[in-house]
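For reference, the chains in residue letters:
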Amino acid sequence: MSAFNGHHDESSGFGVGGQFRLQFADRVNSDWFFDYIQSDIGDFASRTDYHIGWSVIYYPTKNAEARLRPYLLAGHCFDYTKIVDDMNSLNYVERWSSAVQGGGGVHFNLSPRLDLSLVAQYMVHLGNEIHTERINGAVIFEEGHGASLEGHMLFHVGINYKIADLW
């Protein structure tokens with residue numbers, strides 16, 4: 001789920017994704033992900049976002065077997081955004097950008113190999129800003145020049161199964 005999006009009248013976004021983790025040390029892990037999120041802008045346009053990226057996860061506690069294991073994360077991703085006029089699919093704007101994210105989460109260890117994870121993070125896009133307006137019934141897209149720091153909150157729930165111990 002994506003909340004606090006950048007457009008006036010934009011709904012929270014919902015989507016799906018996938019991830020895998022590679023743990024480098026007892027207290028350092030990595031998260032590699034892809035997600036697809038859709039949201040509505042009023043009743044006149046739709047936004048689709050794709051993210052592909054990674055995060056480094058740091059566990060402040062040493063006990064990997066604890067029932068609850070909180071963590072901090074920071075990372076980077078590449079982002080593609082497309083906003084489409086709901087009445088005319090040929091009227092759209094798109095943007096490729098990069099983003100950085102940071103936040104925190106907690107693993108609920110259900111067994112030594114299975115956990116449920118809850119994560120909240122803030123993602124800041126480093127690219128051109130795009131705006132959508134409806135003026136006299138027409139959907140107008142405006143692209144800003146230069147970089148902007150448009151951001152939003154992301155929340156996700158994940159189920160992770162440890163397939164192998166690599167080291």
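Reading guide: rules and limits
Residues numbered from 1 in each chain as written. Predicted model: local features only at pLDDT ≥ 70, side-chain atom pairs only at ≥ 80, totals over all residues. Heavy atoms only, no water. Patch = residues over 30% accessible without salt bridge, like charges linked within 9 Å, V, L, I, M, F, W, Y side chains within 5 Å. Areas by Shrake-Rupley, 256 points an atom, 1.4 Å probe, with all protein chains shown as cover. Salt bridge = Lys/Arg side-chain N within 4 Å of Asp/Glu carboxyl O. Helix = DSSP H or I, 4+ residues; strand = E, 2+ residues; numbered from the N terminus. Buried < 20%, exposed > 50% of the residue type's maximum accessible area, 1.4 Å probe, protein only.

Caption draft 1: Representation of a nonpolar patch on the surface in the model. Among the surface-exposed residues, Phe20, Phe24, Val28, Trp32, Trp54, Val56, Tyr58 and Leu72 lie close enough to one another that they form a single nonpolar patch of about 740 Å² accessible area. Going through the elements one at a time, strand E2 (14–25), strand E3 (28–41) and strand E4 (45–58) are the ones with two or more residues in the nonpolar patch. It is E4 that contributes the most residues to the nonpolar patch, 3 residues altogether. Mapped onto the elements of the fold, Tyr58 is located in strand E4. Residue Tyr58 is classed as partly exposed on the basis of its relative accessible area, which comes to 38%.

Caption draft 2: Expanded view of the pattern of salt bridges. Summed over all chains, the structure comprises 4 salt bridges. Asp31 serves as the salt-bridge partner of Arg21, at 3.9 Å between the closest nitrogen and oxygen. Of the two residues, Arg21 is situated in strand E2 and Asp31 in strand E3; the sequence distance between them amounts to 10 residues. Like Asp31, Arg21 is buried. As a salt-bridge pair, Asp49 and Arg47 come within 2.8 Å of each other at their nearest N and O atoms. In this structure Asp49 comes out as buried when scored by relative accessible area, which is 7%. Since its relative accessible area comes to 2%, Arg47 is described here as buried.

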